[in-house]
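Letter by letter, the chains look like this.
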Amino acid sequence: MSRRGFSLIEALVAMIIAAMALLAVFELQHQLADGQRRYEAALALASLQRDAISLTEDLNPMAEPAGEREMAGGRRLIWRASSLTEIRPQLGYPSGAGQFDVRLYRLDVDILDPHGGRIGGVSLDRLGWRTASATPQAALR
């Protein structure tokens, strides 16, 4: 007498194999969703960094070595400037009659959430200037 169909053990083994395959698919789906969240967070941070650069575009670090500005959504940015070079006269080529003293600064900008927690930041080099303190001839000596 021949039997037709599956035995209980065969059905259980098939269900275990299918469950293991489904677990692999669910793990892949979880990894893809996690990667998408990381991508969106990195994109949002890059947008905030571009905004911070735009908001500090007209900043003169020689006049304002530290400060704070408001951003959208209750965020704030704070900056600190540290000098990278000595003060030098701007020589006003070709005449040599410069009107400004200049210095290169490193500007460290932190982006803060509405509660004061740091979201991210950016560092950039920026030129600082002021009206020349001495005549160009005296500055060249």
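Here the residue index of a chain counts from 1 through its sequence in written order. The predicted nature of this model means local features are confined to residues of pLDDT at least 70 and side-chain atom pairs, given and counted, to a pLDDT of 80 or more, with totals for whole chains, interfaces and linings taken over all residues. Where side-chain values are given, they derive from all heavy atoms of the structure, hydrogens and water being excluded.

**Student:** Which residues make up the overall build of the chain, and what are the values?
**Tutor:** Helix numbering and strand numbering both begin at the N terminus, where a helix is a DSSP run of H or I of at least 4 residues and a strand a DSSP run of E of at least 2. When helices and strands are counted, the chain shows two helices and five strands. Summary of the burial criterion: residues with accessible area below 20% of their type's maximum are buried, those above 50% are exposed, and those between are partly exposed, where the area comes from a 1.4 Å probe applied to protein chains only. Looking at the chain residue by residue over its 141 residues, the buried ones come to 19%. Considering only residue pairs separated by 6 or more positions, the chain has 51% of its internal contacts joining residues 24 or more positions apart. Each accessible area is a Shrake-Rupley result for a 1.4 Å probe, and residues are judged covered by the shown protein chains and nothing else. Summed over all atoms, the accessible surface of the chain reaches about 10,400 Å², with 59% contributed by carbon and sulfur. Contact definition: two residues touch when any of their heavy atoms are within 4.5 Å.

**Student:** Give me the lowdown on the pairing of strand β1 (residues 66-70), citing residues and values where you can.
**Tutor:** As paired elements, β1 and strand β2 (residues 76-83) share five bridges and run antiparallel to each other. Among the inter-strand pairings, glutamate 70 is bridged to a residue of β2, identified as arginine 76. When DSSP finds at least two bridges between two strands, those strands are taken to pair. In this antiparallel pair of consecutive strands, β1 and β2, the connection spans five residues, and glycine 73 shows a positive phi of 75°.

**Student:** Which residues make up the confidence of the model for the chain, and what values go with them?
**Tutor:** The predicted coordinates should not be examined in detail at positions where pLDDT is low. With 89% of its residues at a pLDDT of 70 or more, the chain shows a mean pLDDT of 89. The model gives residues 135-141 a pLDDT under 50, and that stretch makes five contacts with residues more than four places away or in other chains. Per-residue confidence from the predictor is reported as pLDDT, which spans 0 to 100.

**Student:** Mind laying out the nonpolar core, listing which residues take part and the relevant values?
**Tutor:** Nonpolar cores were defined as sets of buried Ala, Val, Leu, Ile, Met, Phe, Trp, Tyr and Cys residues, with membership established by side-chain atoms within 4.5 Å. In terms of nonpolar packing, the biggest core is built from eleven residues, these being Leu48, Ala52, Leu59, Met71, Leu77, Trp79, Leu107, Val109, Ile111, Val122 and Leu124. Those elements that place two or more of their residues in this core are α1 (8-55), β2, β4 (100-112) and β5 (118-131). If one sorts the elements of this core by residue count, β4 sits on top with three residues.

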